[in-house]
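Examination of the molecular architecture
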Amino acid sequence: MPKTRNSLFSAGTVAAALFACGLAGCATGLKYEIPTQPEGESASISKPGWATHTSAVAAANPLAADAGRQVLRAGGSAIDAAIAVQMVLTLVEPQSSGIGGGAFLMHFDGKTTQAFDGREVAPAKATPSLFLNAEGKPMAFIDAVVGGRSVGVPGAVAMLALAHQQHGKLPWSALFLPAITLAEQGFAVSPRMAGLLANEANLKNDPVAANYFYDQQGKPWPVGHHLRNPELAEVLRDIAKLGPDALHKGELAKAIVQKVQKHPSNPGSLSESDLAAYRPLIREPLCFDYAAPVSGTATAATSASSRVYRLCGMPPPSSGALAIGQILGLLQHTPAASQKLVSGQPNADWLHLYTEAARLAFADRAQFVADPQFVAAPGGNWHSMLRSGYLAERAKAIDIAGKSMNSAKPGNPGAQSLSYAPMPDQMEYGTSHISVVDAYGNALAMTTTIEDGWGARMMVNRGAGLAGGFLLNNQLTDFSFAPTGSDGQPIANRVEPGKRPRSSMSPTLVFDKATQQFVLSAGSPGGALIIHYTAKTLYGILNWGLNSQDAINLPNFGSNNGPTLLEAKRFDAATVTSLTDRGHKITEMPMPSGLQAIERTSTGFFGGADPRREGVVLGD
Ligand code: GLU
């Protein structure tokens, strides 16, 4: 990848090193050095994949990945690195994730896998009609998003603090050094950030954001513009010192509440007590077995030449691991495993099976999945949706050599205490994925989001005269806008006070079932399509024997129980025709995944980052 060296940064190194001692004490060993910053292509960037020996950090922005690597080099653990990465992402990829948003983290410490839930929570005053207009109809998506109405209590920082208490090695405060340094000294606006800014209509209506992201004529900053965020540096300094309390209580909490409640056209109800009440959770990971043919063979999945993996992902309120588990499980009841890639691409037969399985999975997702504190799992256990007997029965709806079902109805994996109406499909965007492995044997997968690109289009600033700040999430729009179905039944994922919106985020850790060794960490942004992006990558690596970069590079595809979605310009005409002949309604469209994955190899690790975005994998 061609790079332009940016000499602005050479002077920063010394100051950064000095500051390291001031902030956290030199004893941490972390002396952050600002790397030279790449400026270059954004659209499709060919990536080599990265082999490392002892550790690796995969993130959506090179500055963020580098911060993680510097933390690991200073003796930090995987979670230490992820915290530094998240703080830098708040600065350099503000459109996707940050301290104003939420995240899910899958963490493996060499023995135990945990699912950390830092999902946003609906305010105490939120009601099921939050996103209905004056006529009682669901609001237009963008009308719901922009403003205070869509803002949930941020959870990423509190969740990271909890994970750090358990698995951190460096002091919490030291992990903020890279982001504080970059926020103070500035960074080069990346092509992706500049491109998204140029296409963004609503952000400039927020005066703080207008002042920070645009010049005096109201033009968005171009690629390479040197941007400083002194307000964020101060905020991060407070969080470094006081922990999540600096965000959830006091001056900053007041500033967040003011921003949300005083939005001129679309205020929200988020209060200081909502912020103070936030608790991150540790959930039982959703794990299931998955047998795939040993690379190079194409046999039935349970034969002697298959390898059994254990996949662990985020349970509800995410629908990610359940949907991936259902899709992979349904495919086991079809001849999918005998289909190999043709000219490096999935063929029409396999795409037919995959998208049919996806329809069935998405029908169940719409019917059943919501915050488990509010909605009971079918049959009292989410694993009811993954039972082999249930999936075998569901898979009978797939006409293997015949026509597409086009749209599936939910199944009946087990009784729920209330009956619900299915949730209509809704848009989701934004988000970032981080994978880290360290030399201590820890591995993690974390997907983190402010929901839509640029979140609620509101930038928090405490009013001390410093430019910048951080963006607030619009995560509440991940709830169903309609509280009830046409039959009047409630929708499981309707808005309720104190509830976490259903997610699609799918941070996934894969293990070898027999040895319990870590095999793979993967995940992606992309709204509901996260499920397909992640499933594709897992399938490419586990079934087709690809390395993580080649699996990520595969064209994207899927179905959310509607048309068959194909990544534009990536499938040949014969494949499209063959699917159309089988009754598939095809939508070809951009499918900009932001996959990151790190797999264990015989010599260490191999990581891949999505050519569709700016991510890299860095390690030693
Ligand atoms: N808010 C979405 C979720 O939690 C993610 C949005 C995105 O990736 O674009 O599932």
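Residues numbered from 1 in each chain as written. Predicted model: local features only at pLDDT ≥ 70, side-chain atom pairs only at ≥ 80, totals over all residues. Heavy atoms only, no water.

Overview of the overall build of the protein
When helices and strands are counted, the protein shows 18 helices and 21 strands. Relative to its length of 620 residues, the protein is compact, with a C-alpha radius of gyration of 23 Å against a globular reference of 25 Å. Overall, the protein is about 65 × 60 × 45 Å in size when its C-alpha atoms are taken along their principal axes. Expressed as a percentage of contacts within the protein between residues at least 6 apart in sequence, the contacts between residues at least 24 apart total 75%. When the accessible surface of the protein is split by element, carbon and sulfur atoms take 53% of a total near 21,100 Å². Averaging the positions of the 49 positive and the 48 negative side-chain charges in the protein gives two centres separated by 1 Å. (Helix = DSSP H or I, 4+ residues; strand = E, 2+ residues; numbered from the N terminus. Rg over C-alpha atoms; globule rule 2.2 N^0.38 Å. Contact = heavy atoms within 4.5 Å. Areas by Shrake-Rupley, 256 points an atom, 1.4 Å probe, with all protein chains shown as cover. Lys, Arg positive; Asp, Glu negative; His and termini not counted. Charge placed at Lys NZ, Arg CZ, Asp CG, Glu CD.)

As for the confidence of the model for the protein
On average, residues of the protein score 92 in pLDDT, and 92% of them are at 70 or above. Taken as a whole, residues 296-302 scores under 50 in pLDDT and shows 13 contacts with residues more than four places along the chain or in a different chain. (pLDDT = per-residue confidence, 0-100.)

Side note on the pattern of salt bridges
Counted according to the given criterion, the structure contains 27 salt bridges. We note a salt bridge from Lys 396 to Glu 393, for which the minimum N-O separation is 3.1 Å. Given a relative accessible area of 62%, Lys 396 falls into the exposed group. Put simply, Asp 610 and Arg 612 hold a salt bridge, and the shortest N to O gap is 2.7 Å. Residue Asp 610 is classed as buried on the basis of its relative accessible area of 0%. (Salt bridge = Lys/Arg side-chain N within 4 Å of Asp/Glu carboxyl O. Buried < 20%, exposed > 50% of the residue type's maximum accessible area, 1.4 Å probe, protein only.)

With respect to the side chain of Lys 536
Examined against the element boundaries, Lys 536 turns out to sit in helix α16 (residues 530-542). Here Lys 536 sits buried without a salt bridge, and the closest side chain of opposite charge, Glu 567, lies 5.7 Å off (N-O distance). Beyond its immediate chain neighbours, meaning those up to four positions away, Lys 536 contacts Ala 551, Ile 552, Asn 553, Leu 554, Pro 555, Asn 556, Phe 557, Leu 595 and Arg 612.

A short note on the sheet that holds strand β16 (residues 557-558)
Taken in spatial order, the three strands of this open sheet run β16-β17-β18, and their pairing is mixed. If you trace the sheet from one side to the other, it starts and ends with β16 and β18 (586-589), each paired once. In the sheet, strand β17 (residues 564-567) pairs with β18 via four bridges, with the strands oriented parallel. Across the sheet, the residue bridging to Glu 567 is Met 589, located in β18. (Pairing = 2+ DSSP bridges.)

A short note on the sheet that holds strand β20 (residues 604-609)
Strands sit in the order β1-β20-β19-β15-β14-β9-β8 across an open sheet of seven strands; the sheet is antiparallel. Edge positions in the open sheet fall to β1 (50-52) and β8 (286-293), since each of these has one partner strand only. Across the sheet, the mean angle from the axis of one strand to that of its neighbour is 20 degrees, orientation sign disregarded. Across six bridges, strand β19 (residues 596-601) lies against β20 in antiparallel orientation. Following the sheet pairing, Ile 598 is matched in β20 by Gly 607. Across the sheet, helix α13 (residues 320-331) touches β8, β9 (306-313) and β14 (508-512), and the angle it forms with β8 is around 30 degrees. (Axes fitted to C-alpha atoms, helices over the stretch in contact; angles between N-to-C directions.)

A closer look at the nonpolar core
Residues Ile 99, Phe 176, Phe 213 and Phe 470 are the most contacted members of the largest nonpolar core, which totals 115 residues. Among the elements that line this core, the one with the most residues is helix α3 (residues 78-92), at twelve residues. In this view, Ile 99 contacts Met 87, Thr 90, Pro 154, Val 157, Leu 232, Val 235, Leu 236, Ile 239, Leu 247 and Phe 470; residues no more than four positions away in its chain are not counted. One finds Ala 292, Leu 311, Ala 336 and Leu 595 within the second-largest nonpolar core, a separate group that totals 65 residues. (Core = buried A, V, L, I, M, F, W, Y, C linked by side-chain atoms within 4.5 Å.)

So, α3
In this model α3 runs 20 Å from its N-terminal to its C-terminal C-alpha over 15 residues, within 8% of the 21 Å that 1.5 Å per residue would give. Summarising burial for α3: 15 of the 15 residues are buried, a large majority. (Expected span 1.5 Å × (residues − 1).)

Some thoughts on the environment of Arg 279
For Arg 279, the position within the fold is in the loop between α12 (272-277) and β7 (281-283). Judged by its relative accessible area of 53%, Arg 279 falls in the exposed class. A sequence separation of 117 residues divides Arg 279 from Leu 162, and the C-alpha atoms of the two residues are 9.5 Å apart.

Section: unusual backbone geometry
Residues Pro 316 and Pro 317 are joined by a peptide bond in cis, for which omega reads 20 degrees. Here Pro 317 lies in the loop between β9 and α13. Despite not being glycine, Asn 406 shows a phi value in the positive range, around 65 degrees. Mapped onto the fold, Asn 406 is located in the loop between α15 (388-395) and β10 (432-437). A residue is classified by how much of its surface remains accessible, and Asn 406, at 24% relative accessible area, is partly exposed.

Regarding the packing of helix α14 (residues 348-368) against α16
With their axes 12 Å apart at the nearest point, α14 and α16 run at an angle of 135 degrees to one another. Considering the angle they form, α14 stands oblique to α16. Seen from above, α14 lies across α16 with right-handed handedness. Here Trp 350, Tyr 354, Ala 358, Phe 362 and Arg 365 of α14 come into contact with α16, specifically with Ile 531, His 532, Ala 535 and Tyr 539. Taken together, the residues of the contact of α14 with α16 break down into seven nonpolar, one polar and one charged. (Parallel < 35°, antiparallel > 145°, perpendicular 65-115°, else oblique. Left-handed = near helix turned anticlockwise from the far one by under 90°. Nonpolar A, V, L, I, M, F, W, Y, C, P; charged D, E, K, R; others polar.)

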